[in-house]
Amino acid sequence: MKHFANHVVDSCYFPSEASDMPGVHTMAFRKNDQVVLWVINEGEASHSSVSVNLDSSLSGLEIDETVWTEEGDLEGVSETIIGSGTGFQVDIAAQSISCFLFDIEAQEARKLPYYEGFESGFGEWKQVQDDDFDWSRNVFATGTSGSGPSSASQGDWYLYAEGHNANAPDYEALLEKRFDLSDVSGAELRFDYHMCGAYIDHLAVDVYDGAEWVEGVWIREGAQQAMSEDPWHRAIVDLSDYAGLSEVTVRFRTKKSVWHASDVAVDNILFAEPPQTLPYAESFENGLGGWAQSAEDDIDWSHHTGGTATTNTGPSGSSDGDWYLYVENHSNGAYYKSASVEGRFDLSTAVHPELTFDYHMFGPYIDFLSVDVHSGSEWHLDVWKKSGQQQSSNEDDWATARVGLSAFAGNDLVTIRFRSKQRQWHAADTAIDAIQLVDTATPYELWAEASFGSERESVDWSEMGNPDGDHFTNLEEWALVLNPMASDSPEMAFSAQGELFTVNYVRRVGSGLRVRATWSSSLGSGTWKGHGDGFVESSQGVEGDVEFMSASVPLESGRKFIRIEVD
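In this text the structure is predicted, and so the values were computed from the model without any measurement. (Residues numbered from 1 in each chain as written. Predicted model: local features only at pLDDT ≥ 70, side-chain atom pairs only at ≥ 80, totals over all residues. Heavy atoms only, no water.)

Now for the overall build of the chain. For the chain, the count of helices and strands is four helices and 37 strands. Looking at the chain residue by residue over its 567 residues, the buried ones come to 47%. In the chain, once contacts between residues fewer than 6 apart in sequence are set aside, the share between residues at least 24 apart is 71%. (Helix = DSSP H or I, 4+ residues; strand = E, 2+ residues; numbered from the N terminus. Buried < 20%, exposed > 50% of the residue type's maximum accessible area, 1.4 Å probe, protein only. Contact = heavy atoms within 4.5 Å.)

Structure representation (structure tokens):
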């Protein structure tokens, strides 16, 4: 009893069971860095080669095992079994008590970027044992009506906390994972969440920095969806304050107010450095820059200067600067292997984004080099692709590719992937360098994107359009620094000081239209001129693409009028 009491005090209970063994009962606890399983056999029958398994979704950890047993009159017999993994086999004697001690090994902290969609399990996220109930993995709708999502955010599976089965109010379910942020300068957690249910209290993200928990770094309270069929929401949580730390734990924490209709769900988790913004340029002079090796390929890209190690393949040097990226295929000794490197970009303000890069494809066993794009929901393969050898020697000039990405404009998270594949292990060194991503939109298109925003789908935002119904086309509104979604007129400030009549106004620099002040001695059919009789027009300064103008004419020769012309 002393052994049992030591294990139970200050421990956390979680479910265990014995299958197809009459008279055998189990109890399991977690205490500190051990999981303790007690097996009591009250029966007359012994059981040989019984599998003892620890569910990895409960612990999220690897284990080593030791065993302690007492038989018969319980005077005691003990033994130790050394092993690793999530289970082992043991004999259970008749009328015995056995204690299985699982020594927990620390879960390795994952580096960024990290993605999980729960299609193959919990994906290294572990249940927290000192909470009130567990998260569950599910496909389709949850088991409680009027609560939870009807399906996953992406793929088929997601995680959720089933509140109906925890028959008590104010219960919490916690789920956590460790990360290593030591080699990143910024960190951004993105995930989809669904909070349909009248008795949801909250969903929160907490962070442990190695010293203390910071709760509620992100939080949503109450129901956020009205129906199970409502779309999932996307959360973006800036965790850059924790960049540089090697031990950071991220925790999802949900709480219900009563036991029914409180199923909170999460899916589609991405933890990575914040996406790059435009304009962007990278020539790999200081490493991979914002690019990362893909986890879904066979071999890695290499950061290199000079010629590659394999004869009759690769470039003799970089395209820009001294360094470049390439795939060294000679050392992998395999056929049809691929290598991928990817970067993430924010195209939310772009109108016509364009990717340019230099590439060198000398080698008879190169299969292809392609550019793939992930829109945030799916991969678009081979947006650009070249197959086979494109240069005939190491000394040949690099080629330049231009890839239009307008189809992905407006997306705040786009992943661009360079994917190279070889046909066999020799002479297939593909290289890339001098990557640029810019918005090639005209100044007018950039202004229209900022001015119309989401209204561009429903209004005429072309240069000759006039959605606000005033006297100016969109192009004229742009040139005169007006609001195309409101009927307005150019702002002009008039003053008469001494012998000068002065007008101040603004105009757009580089609009392609001529915006100027003219004067006349009458409003009728008089002649409007931009010169003569002492008329002076001058710039008072420029801020961005807006120029501040002043026009004045002497009053000494009678009445004068000034107007602003656009042509």
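What follows continues from the structure just given.
Right, let's get into the packing of aromatic side chains. In this structure the tally under the stated criterion is 24 aromatic pairs. Taken together, a centroid distance of 6.1 Å and an interplanar angle of 65° make the contact between Trp-125 and Phe-179 edge-to-face. Placement of the pair is Trp-125 in the loop between strand S10 (114-116) and strand S11 (126-127) and Phe-179 in strand S14 (residues 172-180), with a sequence separation of 54 residues. Each member of the pair Trp-125 and Phe-179 is classed as buried. Pairing Phe-494 with Phe-501 gives two aromatic rings, centres 6.3 Å apart and planes at 10°, and the pair type is stacked. Positioned over the ring face of Phe-133 is Lys-256, at 6.0 Å from the centre of the ring. (Phe/Tyr/Trp six-rings, centres within 6.5 Å; stacked < 30°, edge-to-face > 60°. Lys NZ or Arg CZ within 6 Å of the ring centre and 35° of its normal.)

With that settled, consider the pairing of strand S34 (residues 515-520). A regular strand carries its side chains on alternate faces of the sheet. Most of S34 is tucked away: five of the six residues are buried. Here S34 pairs with strand S37 (residues 561-566) via six bridges, running antiparallel. For Trp-519, the partnering residue across the bridge sits in S37 and is Ile-562. (Pairing = 2+ DSSP bridges.)

Glancing now at the confidence of the model for the chain. Looking at the chain, pLDDT values average 85 and 87% of them are 70 or higher. Note that pLDDT drops below 50 for residues 57-64; the model gives that stretch 36 contacts with residues more than four away or on any other chain. Within the model, pLDDT remains below 50 along residues 72-78, and this stretch shows nine contacts once partners closer than five positions in the same chain are excluded. (pLDDT = per-residue confidence, 0-100.)

Of all the positions in helix H3 (residues 443-452), only Tyr-444, Glu-445, Trp-447, Ala-448, Glu-449 and Phe-452 are classed as buried. Where H3 is buried, its residues contact helix H4 (474-479) and strand S33 (500-508). In the stretch just after H3, Gly-453 is the one whose phi turns positive, near 55°.

This part is about the pattern of salt bridges. All told, the structure shown has 24 salt bridges when counted by the stated rule. Residue Glu-124 pairs with Lys-177 through a salt bridge whose shortest N-O separation is 3.1 Å. Linking Glu-124 in the loop between S10 and S11 with Lys-177 in strand S14, this pair joins segments that are 53 residues apart in sequence. Lys-177 sits in the buried class, given a relative accessible area of 1%. Arg-251 serves as the salt-bridge partner of Glu-215, at 3.4 Å between the closest nitrogen and oxygen. Linking Glu-215 in strand S17 (residues 213-221) with Arg-251 in strand S19 (residues 248-256), this pair joins segments that are 36 residues apart in sequence. Linked by salt bridges that have partners in common, Glu-172, Asp-206, Glu-215, Arg-251 and Arg-253 make up one network. (Salt bridge = Lys/Arg side-chain N within 4 Å of Asp/Glu carboxyl O.)

One open sheet accounts for four strands, arranged S32-S33-S36-S35; its pairing is antiparallel. Of all the strands in the sheet, just strand S32 (493-497) and strand S35 (536-543) have a single pairing partner and so form its edges. Neighbour to neighbour, the strand axes of the sheet diverge by 20° on average, direction disregarded. Of the strand pairs in this sheet, S35 and strand S36 (residues 546-554) are connected by seven bridges, and their pairing is antiparallel. Among the inter-strand pairings, Gly-541 is bridged to a residue of S36, identified as Phe-548. (Axes fitted to C-alpha atoms, helices over the stretch in contact; angles between N-to-C directions.)

Counting residues in each nonpolar core, the largest one holds 35 residues, and the members touching the most others are Trp-135, Phe-191 and Phe-271. In contact with Phe-271, other than residues within four places in its own chain, are Leu-112, Pro-113, Tyr-114, Phe-179, Leu-181, Ala-187, Glu-188, Leu-189, Leu-239 and Val-250. Formed by 32 residues, the second largest nonpolar core is a distinct cluster that contains Leu-369, Ala-401, Phe-408 and Ile-432. (Core = buried A, V, L, I, M, F, W, Y, C linked by side-chain atoms within 4.5 Å.)

On to the sheet that holds strand S27 (residues 366-374). Strands sit in the order S22-S25-S30-S27-S28 across an open sheet of five strands; the sheet is antiparallel. Strands at the two margins of the open sheet, each flanked by one partner only, are strand S22 (292-293) and strand S28 (379-387).

Once that is clear, we can look at the side chain of Thr-473. Take Thr-473: it is sitting in the loop between H3 and H4. Look past the residues within four positions of Thr-473 in its chain and what remains in contact with it is Glu-463, Met-464 and Gly-465.

Once that is clear, we can look at the layout of surface pockets. For the largest pocket, the calculated volume is near 860 Å³. Lining the largest pocket are 31 residues, and of these Tyr-115, Leu-270, Glu-296, Glu-342 and Arg-344 sit closest to its centre. At the level of elements, strand S9 (110-111), S10, strand S20 (264-272), strand S25 (338-345) and strand S30 (414-422) are the ones that each hand at least two residues to the lining of the largest pocket. Looking at which element gives the most residues to the lining of the largest pocket, the answer is S10, with three residues. Split into classes, the residues belonging to the lining of the largest pocket amount to eight nonpolar, 12 polar and 11 charged. (1 Å grid on protein atoms, 1.4 Å probe; cavity = no way out; pocket = protein on both sides within 12 Å on 5 of 7 lines; lining within 4 Å. Points joined across faces, edges and corners; volume = space filled by probe spheres on them. Nonpolar A, V, L, I, M, F, W, Y, C, P; charged D, E, K, R; others polar.)

Further remarks concern the environment of Val-52. Counting through the fold element by element, Val-52 comes out in strand S4 (residues 47-53). Exposure remark for Val-52: the relative accessible area of 6% places this residue in the buried category.

This part takes up unusual backbone geometry. Note the cis peptide between Leu-112 and Pro-113, where omega equals 0°. Tracing the backbone through its elements, the reader meets Pro-113 in the loop between S9 and S10. We note that Phe-118 has phi near 65°; this positive angle belongs to a residue other than glycine. Inspection of the secondary structure assignment puts Phe-118 in the loop between S10 and S11.

Counting through the fold element by element, Glu-17 comes out in the loop between strand S1 (12-14) and strand S2 (24-31). Considered as a pair, Glu-17 and Val-39 are 22 residues apart in the sequence and their alpha carbons are 9.4 Å apart.

With respect to the element layout, Asp-263 can be found in the loop between S19 and S20. Put simply, Asp-263 is tucked away with no salt bridge, and the nearest opposite charge, on Lys-256, sits 9.0 Å away. A polar atom in the side chain of Asp-263 sits 2.8 Å from the side chain of Thr-142. (Lys, Arg positive; Asp, Glu negative; His and termini not counted. Polar contact = N/O pair within 3.5 Å; in protein donor to acceptor, adjacent residues only side chain to side chain.)

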